[in-house]
Amino acid sequence: MHDPRLDSLRSALPGLRLATEPDELLHYGRDWTRRWTPAPLAVALPGDTREVQAVLRWASDEGVPVVPSGGRTGLSGGAVAANGELVLSLERMRRVLAFDPVDRSLTVEAGTPLEAVQEAARAHGLQYPVDFAARGSCTIGGNIATNAGGIRVLRYGNTREWVAGLKLVTAAGELLDLNRGLVKNSSGYDLRHLAIASEGTLGVVVEATLRLAPPPPPVATLLLALPSFDVLMQVFQALRERLSLEAFEFFTDVALRHVLAHGAQAPFDTGHPYYVVVDAAAVGPDDPHLLDAFAHCAEQGWVEDGVVAQSQAQALQLWRLREGITEALAPHLPYKNDVAVRVSAMPAFIAEAQALLSAHYPGFEVAWFGHIGDGNLHINVLKPAALEQDAFVERCGAVTAHLAGLVERHAGTISAEHGIGLVKKPYLGCTRSAAEIAVMRAVRAALDPAGILNPGKLFDPPSR
């Protein structure tokens, strides 16, 4: 049905690309959760910051809710538009705007894919070190909106550590230039960091100045097979003491089985319950420090088998076993938990979480993987074919309530790197106190008093 409000938008911005076809509404109205039926009003695809400002001014005047949209690779429903919102897609804004060799910074538009940022940094002999499997699809704006982490947080930290400056458009269409790439700036509140991880509820990121790092040292990639979950932290501690770790990721045999079915190559002749893939600084695959670390773990009975990549091609094959998990599990409509605790709390938390999930998910396939080095676990419950989707989500939600309580007892978070969105909203109180949430609400109300930016995400709007 035609909405007359769109006529006023077209009149105000005659050059704006506006999509209204059903397949476009479906494509842009959802993210990887696939749990809600998309129902956006339309999709606006601005080509520059000026158009973003004009769209938000129009939306503010008309009272139209807006869902900012990047690569939509999130897993918390943060980019879902299911209630007549206008999707504001930044995908056309993907230009690399500037490189500063003195500051070692790269300025890009928010729709620039992560992989394009990494390639631009490499072209200048540097690196943008934030990395994860969705690098070709996710965008810098979305990474900033969720403070995305990924596989190298152990060495380099989250997205937040690499954002030197932001340009943010408020709900009223005002453009804020935050921090301007400064290293030192003690002039009051750092609104840049407030915008990071705000999930598009405080403004729309249109441009980012990113810090770059020196090129990474030569690394060796190892794949280790472990006999039990109990030894995971011992292996991590032993490798961290003996090596300079760049990444330390684990996954289970359940996860590996699905990746192999998806076309990956089996790493060993026999299967094992748990696996760890590691990148460590090394002069080569025969680096004696690597061999010493492996020998120590094997002597303790913590490692049953292992392989060190002999080439870059083999390293990519080993990493595919970890990075291919999300794609391989997708056809099974998994219910996902993305939790984190302090690394020191991991052994106790893992033991309790295992017992909890075993008790509540008998007969279900549960695929674990995650970033052990930074305390982040991804728990994927696969939907049985005979179970209806709604019943599956309801059952998993009940278990997540117990898991959230466990996270709270261990002073962790229910969302480590995908945001709260719609999926984790019921459990925000297990991660943030009532006082914190009240402050968050007040900040949101100050920057978006009408509540048009990504409504319903993080927490429900106040009742009127």
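Residues numbered from 1 in each chain as written. Predicted model: local features only at pLDDT ≥ 70, side-chain atom pairs only at ≥ 80, totals over all residues. Heavy atoms only, no water.

Taking strand neighbours across the sheet as the criterion, the seven strands line up as β13-β10-β12-β11-β15-β16-β14 in an open arrangement whose pairing is antiparallel. The open sheet has two edge strands with one neighbour each: β13 (305-308) and β14 (335-340). Across the sheet, the mean angle from the axis of one strand to that of its neighbour is 15°, orientation sign disregarded. Pairing geometry for strand β15 (residues 366-371) and strand β16 (residues 376-381), over six bridges, is antiparallel. Bridged to Phe369 within β16 is His378. Helix-sheet contacts for helix α11 (residues 312-323) involve β10 (219-226), β11 (245-252), β12 (274-281), β13, β15 and β16, and the interaxial angle to β11 is about 50°. Along the sheet face, helix α14 (residues 389-409) touches β14 and β16 and points at about 10° away from the line of β14. (Pairing = 2+ DSSP bridges. Helix = DSSP H or I, 4+ residues; strand = E, 2+ residues; numbered from the N terminus. Axes fitted to C-alpha atoms, helices over the stretch in contact; angles between N-to-C directions. Contact = heavy atoms within 4.5 Å.)

What follows is about the nonpolar core. Core analysis: the largest hydrophobic core is formed by 60 residues, its most contacted members being Leu239, Phe248 and Ile372. Among all residues touching Ile372, those that are not within four sequence positions of it are Leu232, Met233, Phe236, Phe248, Phe250, Val343, Met346, Ile350 and Leu377. Residues Ala59, Val64, Val108 and Val204 belong to the second largest nonpolar core, which totals 55 residues. (Core = buried A, V, L, I, M, F, W, Y, C linked by side-chain atoms within 4.5 Å. Buried < 20%, exposed > 50% of the residue type's maximum accessible area, 1.4 Å probe, protein only.)

A few words on the environment of Ala213. With respect to the element layout, Ala213 can be found in the loop between β9 (204-211) and β10. The spatial distance from the C-alpha of Ala213 to the C-alpha of Val130 is 10 Å, given a sequence separation of 83 residues. Setting aside its immediate chain neighbours within four residues, Ala213 contacts Leu126, Gln127, Pro129 and Trp162.

Let us now look at the sheet that holds strand β2 (residues 42-45). Reading across from one edge, β1-β2-β4-β3 is the order of the four strands in this open sheet, with mixed pairing throughout. Taken across any chain shown, the strands that pair with only one partner, and hence form the sheet edges, are β1 (17-19) and β3 (66-69). Along the sheet, successive strands turn relative to each other by an average axial angle of 25°, direction set aside. Alignment of β3 against strand β4 (residues 86-89), held across four bridges, turns out to be parallel. Each bridged residue has a counterpart across the sheet, and for Pro68 the counterpart in β4 is Leu88.

With that settled, consider a nonpolar patch on the surface. On the surface, a cluster of nonpolar side chains totalling about 410 Å² of accessible area is made up of Tyr189, Leu191, Leu194 and Leu447. Judged by relative accessible area, which is 36%, Leu194 ranks as partly exposed. (Patch = residues over 30% accessible without salt bridge, like charges linked within 9 Å, V, L, I, M, F, W, Y side chains within 5 Å. Areas by Shrake-Rupley, 256 points an atom, 1.4 Å probe, with all protein chains shown as cover. Salt bridge = Lys/Arg side-chain N within 4 Å of Asp/Glu carboxyl O.)

Turning our eyes to something else, we now look at the packing of aromatic side chains. The full count for this structure, using the stated rule, is nine aromatic pairs. Measuring from ring centre to ring centre gives 5.5 Å for Phe251 and Tyr275, while their planes differ by 15°; the resulting arrangement is stacked. Note that Phe251 is positioned in strand β11 and Tyr275 in strand β12, a separation of 24 residues in sequence. Given the relative accessible area of 0%, Phe251 is considered buried. Overall, Tyr275 belongs to the buried group, its relative accessible area being 3%. Between Tyr361 and Phe364, the aromatic rings sit 5.5 Å apart at their centres with planes inclined by 45°, giving tilted as the arrangement. A single burial state applies to Tyr361 and to Phe364, both of which are buried. Through successive ring pairs, a cluster of aromatic residues spans Phe229, Phe250, Tyr274 and Trp368. If you follow Arg155 out to its NZ or CZ, it ends over the ring of Tyr156, 4.6 Å from the centre. (Phe/Tyr/Trp six-rings, centres within 6.5 Å; stacked < 30°, edge-to-face > 60°. Lys NZ or Arg CZ within 6 Å of the ring centre and 35° of its normal.)

The subject of this paragraph is the side chain of Arg322. Assignment of secondary structure puts Arg322 in helix α11. Assessed through its relative accessible area of 6%, Arg322 is described here as buried. Ignoring sequence-local partners within four residues, the contact set of Arg322 consists of Ile151, Glu249, Phe250, Phe251, Val277, Phe369, Gly370, His371 and His378.

We now examine helix α9 (residues 253-261). One turn of an α-helix holds 3.6 residues; hence residues three or four places apart share an orientation. When α9 is considered as a whole, its buried residues turn out to be Val254, Ala255, Leu256, His258 and Val259. Of the surrounding secondary structure, the elements contacted by the buried residues of α9 are β11, β12, α11, α12 (325-329) and β15.

Quick look at the pattern of salt bridges now. Side chains that differ in charge, positive against negative, can pair when their charged atoms come close. Evaluated as defined, the whole model comprises 18 salt bridges. Note that Glu51 and Arg50 form a salt bridge whose closest N and O atoms lie 3.9 Å from each other. Taking the relative accessible area as the measure of exposure, Glu51 reaches 7% and is therefore buried. We note a salt bridge from Arg192 to Asp190, for which the minimum N-O separation is 2.5 Å. Accessibility expressed as a relative area gives 31% for Asp190, which makes it partly exposed. Residues joined in a network through salt bridges with shared partners are Asp131, Arg135 and Glu323.

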